[in-house]
Amino acid sequence: MPLHVSQAPTPALHSVLAALGSPALRAAGTPALRSFPGPLSAQLPLPVHVLGAIAPAEAPASTPATRLAGWRFLIRGGEATLAAADTLRTAGGWTFSHFFEGPYLTSTERALRQADASGSPWQPRLLSVPDLYMLTLWLHGDPDADPAEGAPDPADVLIPLAPAPPGIAAHRPHRVADLLPRLAVRRVPPPLLGSTA
């Protein structure tokens, strides 16, 4: 398998496993987890990075900063992915945040299959662009890189997950150098009403 899935910090994994075994699981807003009769496992950990400011297309090329916001695990029951679990870094270390379901699960698995079929040795990560309500599978070209560090390299690939923002096709791979300038334009706030801008 060409994908080089990183190992999550042990406390992050342990926090998810503890949540899977706790009574809180039955109270979670995830019907698929509540109703599954068999054992559940946390698999395929993906570091979740948040994209910082992007320089406008006219500005000199610069690498946008990212910060590691958490780790996401796919929760599987048998052969099916039922939900995902997010963990967050706190002052005391890694802690479980929440379980969730929804379209990003199916979309993440589809994007991972796309990446796997490419035959390139990518390190998969998730890259969030919160102000566009956008999540992408970030395929980092250095499979041995520290998954908690680094910024998108121009040659890295981003696969927007569904639902993607209007005008951005989900599951269409883009080089970072091609997609980030488009995102920079979309992230510029519109002028205030009545302004001369």
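Here, every reference points to the structure presented above.
Quick caveat: nothing in here was measured; it's all calculated off a predicted structure. (Residues numbered from 1 in each chain as written. Predicted model: local features only at pLDDT ≥ 70, side-chain atom pairs only at ≥ 80, totals over all residues. Heavy atoms only, no water.)

A. Just the side chain of Thr87, in detail. Assignment of secondary structure puts Thr87 in strand E3 (residues 80-90). Classification of Thr87 by relative accessible area gives buried; the value is 1%. (Helix = DSSP H or I, 4+ residues; strand = E, 2+ residues; numbered from the N terminus. Buried < 20%, exposed > 50% of the residue type's maximum accessible area, 1.4 Å probe, protein only.)

B. Region of interest: the pairing of E3. Where strand E2 (residues 66-77) meets E3, eight bridges bridge the pair, whose relative direction is antiparallel. Residue pairing in the sheet places Trp71 in a bridge with Thr87 of E3. A loop of two residues connects E2 with E3, the two strands running antiparallel in sequence, and Gly78 in this loop sits at a positive phi of about 65°. Taken together, the seven bridges between E3 and strand E4 (residues 93-100) define a ladder with antiparallel strand orientation. Note that in E4 the partner of Thr90 across the bridge is Gly93. Adjacent in sequence and paired antiparallel, E3 and E4 are bridged by two residues. (Pairing = 2+ DSSP bridges.)

C. Representation of helix H1 (residues 10-20) in the model. Within H1, burial applies to Ala12, Ser15, Val16, Ala19 and Leu20. Take H1 and look down its axis: the buried residues cluster within an arc of 140°, on one side only. (Arc of directions from axis to C-beta.)

D. How the structure looks around the pattern of salt bridges. If you walk through the whole model with that rule in mind, you get two salt bridges. For Arg72, the salt bridge identified is with Asp86, shortest N-O distance 2.7 Å. With Arg72 in strand E2 and Asp86 in strand E3, this pair connects stretches of sequence that are 14 residues apart. Close ionic contact of Arg76 with Glu109 constitutes a salt bridge, the shortest N to O distance being 3.3 Å. Of this pair, Arg76 sits in strand E2 while Glu109 is found in helix H4 (residues 103-118), placing the two residues 33 residues apart along the sequence. On the basis of relative accessible area, Arg76 is assigned to the buried category, the value being 17%. (Salt bridge = Lys/Arg side-chain N within 4 Å of Asp/Glu carboxyl O.)

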